[in-house]
Amino acid sequence: MRIRRERRPRRAIPGISPRDLIRESLEGAGARPSRLLITLVGTVLGIASLVATIGFAQTAAGQIAQQFDALAATRVTIEPGTSSGPGGKERATARLPWDSVERVRDLVGVEHAALYAKATGSPSVDAVEVQDPSAAAKAPPPVVGASPELLDVVEGGIGTGRFFDSGHEQRRDRVVVLGSGAAEQLGVNRVTGQPAIFVDGRAYTVIGILSEVGTRSALLDSVIMPIGTARAELGLAAAESLDIRIAVGAGSVVAHQAPIALNPNDPQVFKVSAPPDGSALRSGVEADVNVLFLAIGVVALLGGGIGIASVTLLSVSERRGEIGLRRALGARTRDIAAQFMLESFTIGVLGGLIGVVVGSSG
């Protein structure tokens, strides 16, 4: 005969009320001020770094885009189209009109325009008319012909003297402007007294020395003369390119209208180099910079989080006796876990708020 044993009802294990849990967590977080301070410093540094790097990213992206707008985004270059000739050599299929500057000057968005061409045949350039046969031969600086507005197009600066103007161009005067490198090579350092150099044995007066350029840096090592003079004296047959300085954002409009103004019947014969769309470029630059700085901020934030986790783990190890006592008094495992999690959350929120303030003010 089996004896049935009556099951005694299990005694309910009292838990910790939410109010007591919050009070115990706050007391536990503030029980060790030195450790709390160290943990807060790590959290503040992580959050502040994240907030500050996002701000730095926006500033850096704006500056990069602004620098691009100041140079590359304000130039359109038009060159004659080319095709492959005998022997694989490229030959031009069209010519830029000599009055190209006048044709594009009034287009919307055009600020300055200039024709540019290198003299063919490598003309000789000397500072003296009589040569010393015993002197070592040096490669002469290149000679280029250009329109008077070239200085404005390349954003150049004159160190001494002046640049030639439309009067020199129309009269085809024998005047030149030297780049700083060419002037040093030829031994010309001033224009007072009207110094002269000899190009293919003919004297040209030096009226200025170019000190800097924003684009076409090769001009600093060149001898620059009016393009009309180059046509008359050096037999310049065709211009190499038409350089146009434009207003920011007018690239697509000028790139479409300029070839039509140069050759209404067949504008496709010209090769046009125009800046990309400014908004697309700016968005791409900002996205790349934002990703870079955000990654740096996340790493700093991760370091702060690891610091909090390390301190919490150390706190659990040191408070084993307290944990055992609480278990003996009826606290459940989840109550103890909730207490430690709430302590870490409190420290994280406090450090995050301070970090946001510090990062925003920096």
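Predicted model only: the values in this text are computed from it and were never measured.

Participant: So what about the overall build of the chain? Which residues, and what values?
Facilitator: Across its full length, the chain carries 11 helices and 13 strands. Counting only residues that meet the buried cut, the chain has 38% of its 362 residues in that class. Sequence-distant contacts in the chain: of pairs separated by 6 or more residues, those separated by 24 or more amount to 78%.

Participant: Give me the layout of surface pockets: which residues, what numbers.
Facilitator: Here the second largest pocket is characterised by a volume of approximately 330 Å³. Around the second largest pocket, the lining comprises 15 residues; the ones closest to its centre are W98, E102, S147, P148 and E169. For the lining of the second largest pocket, the secondary-structure elements that each account for two or more residues are α3 (100–104), α5 (166–171) and α7 (227–234). Its residues placed into classes, the lining of the second largest pocket shows 5 nonpolar, 4 polar and 6 charged.

Participant: Tell me about the nonpolar core, and please be specific about residues and values.
Facilitator: Counting residues in each nonpolar core, the largest one holds 41 residues, and the members touching the most others are I78, L178, I197, L242 and I244. With 4 residues, the top contributor of residues to this core is strand β4 (residues 110–118). Each residue touching L242, except ones within four places of it in the same chain, is listed here: V76, T77, I78, L96, S100, V101, V104, A113, A114, L115 and L262. Formed by 17 residues, the second largest nonpolar core is a distinct cluster that contains A114, F163, V177 and L219.

Participant: Go over helix α8 (residues 251–262) with me, naming the residues and quoting the values.
Facilitator: The end-to-end C-alpha distance of α8, which contains 12 residues, comes to 17 Å, matching closely the 16 Å that a straight helix rising 1.5 Å per residue would cover. Against β1 (75–80), α3, β4, β12 (241–246) and β13 (270–273) lie the buried residues of α8.

Participant: Describe α7, naming the residues involved and giving the relevant values.
Facilitator: Taken together, the buried positions of α7 are I227, G228, T229, A230 and L234. Where the residues of α7 are buried, they touch β4, β6 (143–146), α5, β9 (196–199), β10 (202–212) and β11 (223–226). G235, located one to two residues past α7, shows a positive phi value of around 70 degrees.

Participant: Run through the pairing of β4, naming residues and quoting values.
Facilitator: Where β4 and β12 come together, 6 bridges link them in antiparallel fashion. Its bridge partner lying in β12, Y116 is registered against S241. The pairing of β4 with β6 spans 3 bridges and is classified as antiparallel. Within β6, the position partnered with Y116 by the bridge is A146.

Participant: Account for the pairing of β11, naming residues and giving values.
Facilitator: Two strands pair when backbone bridges link them, and β6 and β11 are joined in this way by 4 bridges, in the parallel orientation. Bridge assignment links A146 to a residue of β11, and that residue is P226. As paired strands, strand β8 (residues 175–179) and β11 are joined by 2 bridges and run antiparallel to one another. Each bridged residue has a counterpart across the sheet, and for L178 the counterpart in β11 is V223.

Participant: For a nonpolar patch on the surface, give the residues involved together with the corresponding values.
Facilitator: Nonpolar side chains collect at one region of the surface, where F345, V349 and L353 lie side by side and expose about 310 Å² of accessible area between them. Tracing the sequence through the fold places L353 in helix α11 (residues 333–361).

Participant: Outline the pattern of salt bridges, supporting the account with residue identities and numerical values.
Facilitator: Taken as a whole and assessed by the stated rule, the structure comprises 11 salt bridges. Across the pair E233 and R174 runs a salt bridge, and its minimum N-O distance is 3.2 Å. Remark: R174 occurs in the loop between α5 and β8 and E233 occurs in helix α7; sequence separation between them is 59 residues. We classify E233 as partly exposed; its relative accessible area is 22%. One salt-bridge network, held together by shared partners, links R75, R216 and D243.

Participant: So what about unusual backbone geometry? Which residues, and what values?
Facilitator: Even without being a glycine, S122 presents a positive backbone phi close to 50 degrees. Topologically, S122 is positioned in the loop between β4 and β5 (125–126). A relative accessible area of 63% means that S122 is categorised as exposed.

Participant: Go over the environment of Y116, please, and point to the residues and values.
Facilitator: Topologically, Y116 is positioned in strand β4. For Y116 and D243, which are 127 residues apart along the polypeptide, the C-alpha to C-alpha distance reads 7.3 Å. Among all residues touching Y116, those that are not within four sequence positions of it are V144, G145, R216, L219, A239, E240 and S241.

Participant: How would you explain the side chain of S222 if you had to name every residue and give the values?
Facilitator: The residue S222 is located in the loop between β10 and β11 in this model. S222 sits in the buried class, given a relative accessible area of 2%. At 2.8 Å, the side chain of S222 forms a polar contact with the backbone oxygen of A218. When neighbours within four sequence positions are excluded, S222 is seen to be in contact with P142, V144, V177, L178, G179 and A182.

Calculation criteria
- Residues numbered from 1 in each chain as written.
- Predicted model: local features only at pLDDT ≥ 70, side-chain atom pairs only at ≥ 80, totals over all residues.
- Heavy atoms only, no water.
- Helix = DSSP H or I, 4+ residues; strand = E, 2+ residues; numbered from the N terminus.
- Buried < 20%, exposed > 50% of the residue type's maximum accessible area, 1.4 Å probe, protein only.
- Contact = heavy atoms within 4.5 Å.
- 1 Å grid on protein atoms, 1.4 Å probe; cavity = no way out; pocket = protein on both sides within 12 Å on 5 of 7 lines; lining within 4 Å.
- Points joined across faces, edges and corners; volume = space filled by probe spheres on them.
- Nonpolar A, V, L, I, M, F, W, Y, C, P; charged D, E, K, R; others polar.
- Core = buried A, V, L, I, M, F, W, Y, C linked by side-chain atoms within 4.5 Å.
- Expected span 1.5 Å × (residues − 1).
- Pairing = 2+ DSSP bridges.
- Patch = residues over 30% accessible without salt bridge, like charges linked within 9 Å, V, L, I, M, F, W, Y side chains within 5 Å.
- Areas by Shrake-Rupley, 256 points an atom, 1.4 Å probe, with all protein chains shown as cover.
- Salt bridge = Lys/Arg side-chain N within 4 Å of Asp/Glu carboxyl O.
- Polar contact = N/O pair within 3.5 Å; in protein donor to acceptor, adjacent residues only side chain to side chain.

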